[in-house]
Amino acid sequence: MAKKIVIATKNLDKLRELEIAFDGLPVEILSLADIDDFPDAIEDGETFEENAEIKARFFSEKTGLACLADDSGLEVDALDGRPGVHSARFAGYHAHDVTNNQKLLEEMAKVNATESPARYHCALCFVDVDGSKIVTTGTINGTIRTVAQGEGGFGYDPYFYIDENKTMAELSTEEKDEISHRGKALREFVPKLKEWLTCSLE
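Residues numbered from 1 in each chain as written. Predicted model: local features only at pLDDT ≥ 70, side-chain atom pairs only at ≥ 80, totals over all residues. Heavy atoms only, no water.

Draft legend 1. Inspection of unusual backbone geometry at higher detail. Here R82 and P83 are connected by a cis peptide whose omega angle stands at 0°. Along the polypeptide, P83 turns up in the loop between β3 (66–76) and α3 (97–110). In this structure, D80 takes a positive phi of about 55° despite not being glycine. Among the structural elements, D80 can be located in the loop between β3 and α3. Taking relative accessible area as the criterion, D80 reaches 76% and is therefore assigned exposed. The phi dihedral of N112 falls on the positive side, at around 55°, and the residue is not glycine. Along the chain, the position of N112 falls in the loop between α3 and β4 (115–127). (Helix = DSSP H or I, 4+ residues; strand = E, 2+ residues; numbered from the N terminus. Buried < 20%, exposed > 50% of the residue type's maximum accessible area, 1.4 Å probe, protein only.)

This is the structure we're talking about:
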């Protein structure tokens, strides 16, 4: 019998990544778009790990199902680690990629920086109905530059250079999954979930 897991997102890109990663596992994946229209979880944690757990526990309690949530974002050294846990709402609570990237450029200009060491970080938190949890993380280091390249990806990808000439937005889906912060967190998470499912379904 497949275990139902709610993924705490309506982001189709994230959902697609997870469906691929969980292929072959005895799970049925649901997104927030598949269930009742719940309010947003209040993400008031100080770290990605704390926010991922807040979301996972919130939606597990609301749905009565196991839940997997992630919190991820960009840390820029020149901006003292911002936007950090506020990456998705850097330009405001209902911000989107265009306005967040504009805010990034404005903040870089304020500190007279055209590039800076930076990293993407991702935390995944799975909370089962009994309160048990699994947490994994992943990080990719790179450089933020104020010149965009590439049409793919999402978020800050056009400004995140993985080497001198290429950004995350210029990678294929497969290339990005191989090196991304979320990809790393998922590769650590999947065997732990498989082990948990084996024990809980016995």
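There's plenty left to go through after this.
Draft legend 2. Expanded view of α3. Here α3 spans 20 Å end to end across 14 residues, near enough to the 20 Å set by a 1.5 Å rise per residue. For α3, the complete set of buried residues consists of N100, N101, L104, E107 and M108. The buried side chains of α3 occupy one side of the element, clustering within an arc of 120° when seen end-on. Residues of α3 that are exposed and point more than 90 degrees away from the buried face comprise V98 and K110. At its buried positions, α3 is contacted by β3, β4 and β5 (133–145). Immediately beyond the C-terminal end of α3, within one or two residues, lies N112, with a positive phi of roughly 55°. (Expected span 1.5 Å × (residues − 1). Arc of directions from axis to C-beta. Contact = heavy atoms within 4.5 Å.)

Draft legend 3. Region of interest: the environment of V76. Tracing the sequence through the fold places V76 in strand β3. Placed 72 residues apart in sequence, V76 and A148 show a C-alpha to C-alpha distance of 16 Å. Sequence-distant contacts of V76, defined by excluding residues within four places in its chain, comprise G81, R82, P83, L104, M108, S116, P117, A118 and I144.

Draft legend 4. Fine view of helix α1 (residues 12–21). Where α1 is concerned, the buried positions are K14, L15, E17 and L18. Within α1, the buried residues cover an arc of 160° as seen down the axis, which keeps them to one side. Structural note: α1 exposes L12 and I20 on the side pointing more than 90 degrees away from its buried face.

Any link to function would need more than the numbers given here.
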